[in-house]
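Observations on the three-dimensional arrangement
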Amino acid sequence: MAKQRIGSIRQIDFLVLAVLNEGPMHGYGIVQRLSEMTGGRVDLRPGDVYRVLYRMHESGQIEPVPDGELDDDERRSYYRITGAGREIATEQAELLAGVSAQLLARESR
Amino acid sequence: MTSPVKDVAPCWWERLAMLAFPRRFRRTFGADLLGVSRSMYRSAYGGSELRRAADLIVSGLRTRAEAFFGRRTAARPRIPDRSPRPVSAIAQDLAFAFRIFRRNPGFTLVAVLSLAIGLGANTAIFSLFDSLLFRPLPVHAPEELALLHWTTDGWDGLEISISGWVNRNDAGRSESSSFAYPFLEALEESDALHHAFGFARLPSLNLRLGDESRLGDGHLISRAYFDALGIAPWRGRLLESEDFRDGAEPAVLLTHAYWRSRFNSDEALIGTELSVNGVIAVVVGVLPPGFVGVGQAGFEPDVFVPLVLQSRISDRGDHRGRPDRFWLHVLGRRAPGVTPAQLEAALQPVFAQSVRSALPELADAAVPRLEVRPGRYGMTEEREDLRFAGMLLGAAAGMVLLIACVNLANLLMARGQARRRELAVRRSLGAGGLRVVQQLLTESVLLALLGGLFGLLVARWLQAALVAEANASGLELRAALDARAMLFALGASLLAGLLCGLGPALHVARRELQSTLQSASAGGRTAARLPFSRVLLTVQVALSLIVLVAAALFVRTIQNLYRADTGYSADSVVLFNVDPTLNRYGEADARRLLEGIERELRRLPGVVEVGYSDLVPAGGTISTEGVVTEGSATGEEGPQSTILNAISPSFLDTYQVPLLSGRGLTAEDRSGSAPVVVVNEAFARRHFPGGDVLGRSVVLSDEPVEREIVGVSGDFAYVSPRFGIRPAVHVPIAQLASTSGAVTYAVRHRGPVEELSSGIRTAVRRVDAGLPVFAVRTQRAQLDMALVRERVFAAFSGGLGFGALLLACVGLYGLLSYSVLRRTHEIGIRMALGAHIAHILRLVLRELQPVAIGLVLGLIGSWFATRALESLLFGLDPMDPIAVVTAVGTLLAVAAIAGWVPARRAARVEPVEALRTE
């Protein structure tokens, strides 16, 4: 049950940050968008999504959007990325991009 | 922060599952998660509630674990880090325990599931029987209620008629809780008993609203009833003094459940008219939810009717002026400080006087004695059966829990051994012995609590299954895992955790004092043998065998009951009931009605034969009558108790019961013609072993005439195969002055049952459109119903047996694999030195020795335990060889399977590999 981690954060946290970086989203939306982004390879159960959200909320990477700030579907709660979350996401993305480029270059040789 | 989510009301198990999450989580994400979880599972995962519950609980526990271990991601740059909380020893232990569980998912799963099986079975049985037996009535100060009984040692001169419950024990002592109305009146006038009140059951009432007739149950109640119980109306009003006056406008009260289920909680119903057996009564109010009178739990009334209506509703004469008719249950309140004995002394003269007014010549010694019993649970007599069943099932479930505990204890022992090095390190770093014990106990209690949590799910399923089975038999059970059941589960879990944790914890901690770090690595022979574990395994096998033997006995019993020769043909017979008295038919009209229905039924396609009668085989009731037989060879004077059935001429043909001699009953045997009977063979054998039966006469106790025996029929089992064949007398139904109300039709047919049952309703409607047809069922279903207790027992004990087997299997497997693991090194050396594989196998299988000892102990235990079951068995001994052999064989097979896998693993050990394992 080893956790997949990239640098200092887990892969799943990174993916959720990537989704929320596109804009505020509700729990169900996050699951769907994640599945879309990864071509169906990442399929989260509801319990797990919220476990991850809780963890990321506790560490200040995301936050719930207060009621009334969005005039979208009133029945769902939305979550958005915080400044700290965005910083981490960007940092990780750069790190991964660099490594991926090198790795793919080696593969294609 | 405001709650982000709206309009999701969690159901009971969701609320329970959400407890797995930390409180902080629930506050922010709880409701939102539930909403998403519902919609996602509905769309994506096939809507499985079970998987959804598992998902919630697992992720909740993982969330909690993450929070506990502080394994937050590294990045929290902007958030001021909270300083580490001061952690108590308990919290430290909890955190450590969770870490241990995470590292050993297999161990945790087995431990939790074992306990879930044991705890679930116990919780299910507890909550079912708790609600049936031990729940005080929902009334004001139930502990003050006193329930009156009377007992007598003989019936000499005690010529009273009793309806209701009478129990005669083997010593000739009889007891009853039925009293005459004049006694209640006398009590109401004296001040010996406060708030004296009475009630009587009114089963099978025709409750008609508009055109719709339904069958319901009622209670007739006396004036002081609601005052005494301190009940307030839910809607409308209660029955008041005015309603109990002769000639008052009839009034009726509904229970909340009936109001809700039949009338959809319609407020407008109050003030409307409801016909109760043809008596038009005004619905004056609805009782509060949960109040269903002080009668039998499981047999609950739908309506309450004032006593004054008794003669109009029940159509059997007015009982109120009759001191010799005992039919009312009487209760009252005991004043604080008055003991039951004092109350009995005060009430006895009132009772004696009431009996004397009916029987002035009764000898002093023959006057029954009054007894005061606690009334807080209401009437319990008919529940004695259930109490016994509950105790037996509870004992079996307790044994399964014990097996589960032993299992866990064993697992913990093994783990304790494996953790010797870790524990030794702790000790050497200064942890006290108590501290180590505390930590190990924390782990076991935590495991038990998790087991209890899953046990609630197990309990829920078990209960649903039990309730479905019981409801099919007409016993109304409610399955609710309420606060009491939860508390029970919690208590049982804690106890189980302590019970199975304490032994291993002490054992391991003590061992730690002797052994040191250097010896902890090799796992020497003493450690591998685990003597304590072997004792536990022995106990486990013994307990499992007892549960298995009991299960096998019940399964064999139910087989025997179904295979028993009943003497009649139950296939292709459909039964249904009608009750002419519901529509207030007079005697002659009722007879015409019954014959008319038979004619209509015979016209239906596929109908082969039609009969009707007072009793049907396996009908659950028999009526016995004192019958005086002229010239009986038994040499006994006076009436002898005999099964009496009033039958239509074709009843015996319908059941294909042969006529052995003489003639059967015909349509000519009607009122006015010569009184006749047909007896069964058992009757003939008993009274006339010489065979000279025909032409003799019998006198039924309530009739002044002699009836001639004109025929002898084959024997058949009236009650259930268990009760066997008894002497029976069949009287033409047309010759009895009054039948007892409901009549059962038996229709032998060809073709599908479904078509017939709709045909039956049409046929009856053609004769009387307002007469309810009820309880349409097949004779087979009737037999199932008569055997419901046995079926529930067989199903439940079979389930418990399976659970015990599963646990034993897990326990054996766990211990053997562990022992192989510990001895890999030794096995390697042996094999390197040239030991045969057979030798190694023998070495491993020798570990099964506790199984043999356990089997022997289990057999001895079964011998004692099954004595208690004797009264429930049929056609076999308590130590039935087939049942015992089956149980032992199954257990041995499971032991072999559980031993096989580790043994193979041992045999495959590569010596070089093994020597390298360190």
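1. Concerning the overall build of chain B
For chain B, the helix and strand inventory stands at 27 helices and 25 strands. Looking at the 918 residues of chain B, the share that counts as buried comes to 52%. Summarising the internal contacts of chain B: among those between residues at least 6 apart in sequence, 80% fall at separations of at least 24. As presented, chain B carries roughly 40,300 Å² of accessible surface, and 57% of it is formed by carbon and sulfur atoms.

2. Some thoughts on the overall build of chain A
When helices and strands are tallied, chain A shows four helices and five strands. Written out in order from the N terminus, the α and β elements of chain A read β-β-α-β-α-α-β-β-α. Classification of the 109 residues of chain A by burial places 47% in the buried group. If you take every contact in chain A between residues at least 6 apart in sequence, the share linking residues at least 24 apart comes to 51%. When the accessible surface of chain A is totalled, it reaches about 5,800 Å², and 49% of it is carbon and sulfur.

3. Considering the pattern of salt bridges
The tally for this structure, following the rule as stated, stands at 30 salt bridges over all chains. For Glu14(B), the salt bridge identified is with Arg52(B), shortest N-O distance 2.8 Å. Remark: Arg52(B) occurs in helix α3 (residues 49-69) and Glu14(B) occurs in helix α1 (residues 12-18); sequence separation between them is 38 residues. For the pair Glu14(B) and Arg52(B), one class covers both residues: buried. As a salt-bridge pair, Asp324(B) and Arg322(B) come within 3.1 Å of each other at their nearest N and O atoms. Exposure remark for Asp324(B): the relative accessible area of 21% places this residue in the partly exposed category. Residue class for Arg322(B) comes out partly exposed when judged on its relative accessible area of 32%. Several salt bridges converge on common partners, so that one network encompasses Glu22(A), Arg33(A) and Glu36(A).

4. Here's the deal with the packing of aromatic side chains
Scanning the entire structure with this criterion turns up 28 aromatic pairs over all chains. Lying over the aromatic face of Trp863(B), Arg867(B) brings its terminal NZ or CZ to 4.3 Å of the ring centre.

5. Details of the packing of helix α6 (residues 181-189) of chain B against helix α10 (residues 340-358) of chain B
All names here are of chain B. In contact at an axis separation of 9 Å, α6 and α10 are set at 140° when each is read in the N-to-C sense. Regarding α6 and α10, the two cross each other, and that crossing is right-handed. Contact residues: α6 offers Phe 183, Ala 186 and Leu 187, while α10 offers Leu 347, Val 350, Phe 351 and Ser 354.

6. Quick notes on the side chain of Thr63(B)
Structurally, the position occupied by Thr63(B) is in helix α3. Overall, the relative accessible area of 1% leaves Thr63(B) in the buried class. The residues touching Thr63(B), leaving out its near neighbours within four places in the chain, are Arg51(A), Tyr54(A), Phe21(B), Pro22(B) and Phe25(B).

7. Section: the side chain of Ser862(B)
All names here are of chain B. Position of Ser 862 relative to the elements: it lies in helix α25 (residues 849-865). Judged by its relative accessible area of 0%, Ser 862 is buried. Residues contacting Ser 862, with those up to four places away along its chain left out, are Leu 545, Ile 546, Val 549 and Met 879.

8. Observations concerning the nonpolar core
Residue and element names in this part refer to chain B. Counting 106 residues, the largest nonpolar core has Phe 101, Leu 115, Leu 447, Tyr 568, Tyr 655 and Leu 891 as the members making the most contacts within it. The leading source of residues in this core is helix α11 (residues 384-418), at 15 residues. In this structure, Phe 101 is in contact with Thr 108, Glu 443, Leu 446, Leu 447 and Leu 450, ignoring residues within four places of it in sequence. Val 276, Val 279, Ala 281 and Phe 351 belong to the second-largest nonpolar core, a separate cluster that totals 52 residues.

9. What about helix α21 (residues 779-786) of chain B?
Residues and elements named next belong to chain B. Those residues of α21 that fall on the buried side of the exposure criterion are Gln 779, Gln 782 and Leu 783. All buried residues of α21 fall inside an arc of 100° around its axis, so they share one side. Tucked inside the fold, the buried residues of α21 contact α16 (531-563), β15 (573-578) and β25 (774-778).

10. Focus: the pairing of strand β23 (residues 728-732) of chain B
All names here are of chain B. Counting buried positions along β23 yields five of five residues, so the element is predominantly enclosed. In β23, alternate side chains face the same way, and those of Ala 728, His 730 and Pro 732 on one face and Val 729 and Val 731 on the other are all buried. Across five bridges, the pairing between strand β18 (residues 640-647) and β23 is parallel. Looking across to β23, one finds that Asn 645 is bridged to His 730.

11. Some remarks on the confidence of the model for chain B
Fine structural detail should not be taken from predicted coordinates in areas where pLDDT scores are low. Residue and element names in this part refer to chain B. A residue-level look at chain B finds 86% of positions with pLDDT of 70 or above and a mean pLDDT of 80. Segment residues 71-86 is flagged for pLDDT under 50; beyond a separation of four residues in sequence, or across chains, it makes 27 contacts in the model. Predicted confidence for residues 516-528 stays below pLDDT 50, and this span has 17 contacts to residues more than four positions away or in other chains. Overall fold confidence (pTM) sits at 0.62, and the ipTM for the predicted complex is 0.79.

Reading guide: rules and limits
- Residues numbered from 1 in each chain as written.
- Chains lettered and ligands numbered in written order.
- Predicted model: local features only at pLDDT ≥ 70, side-chain atom pairs only at ≥ 80, totals over all residues.
- Heavy atoms only, no water.
- Helix = DSSP H or I, 4+ residues; strand = E, 2+ residues; numbered from the N terminus.
- Buried < 20%, exposed > 50% of the residue type's maximum accessible area, 1.4 Å probe, protein only.
- Contact = heavy atoms within 4.5 Å.
- Areas by Shrake-Rupley, 256 points an atom, 1.4 Å probe, with all protein chains shown as cover.
- Salt bridge = Lys/Arg side-chain N within 4 Å of Asp/Glu carboxyl O.
- Phe/Tyr/Trp six-rings, centres within 6.5 Å; stacked < 30°, edge-to-face > 60°.
- Lys NZ or Arg CZ within 6 Å of the ring centre and 35° of its normal.
- Axes fitted to C-alpha atoms, helices over the stretch in contact; angles between N-to-C directions.
- Left-handed = near helix turned anticlockwise from the far one by under 90°.
- Core = buried A, V, L, I, M, F, W, Y, C linked by side-chain atoms within 4.5 Å.
- Arc of directions from axis to C-beta.
- Pairing = 2+ DSSP bridges.
- pLDDT = per-residue confidence, 0-100.

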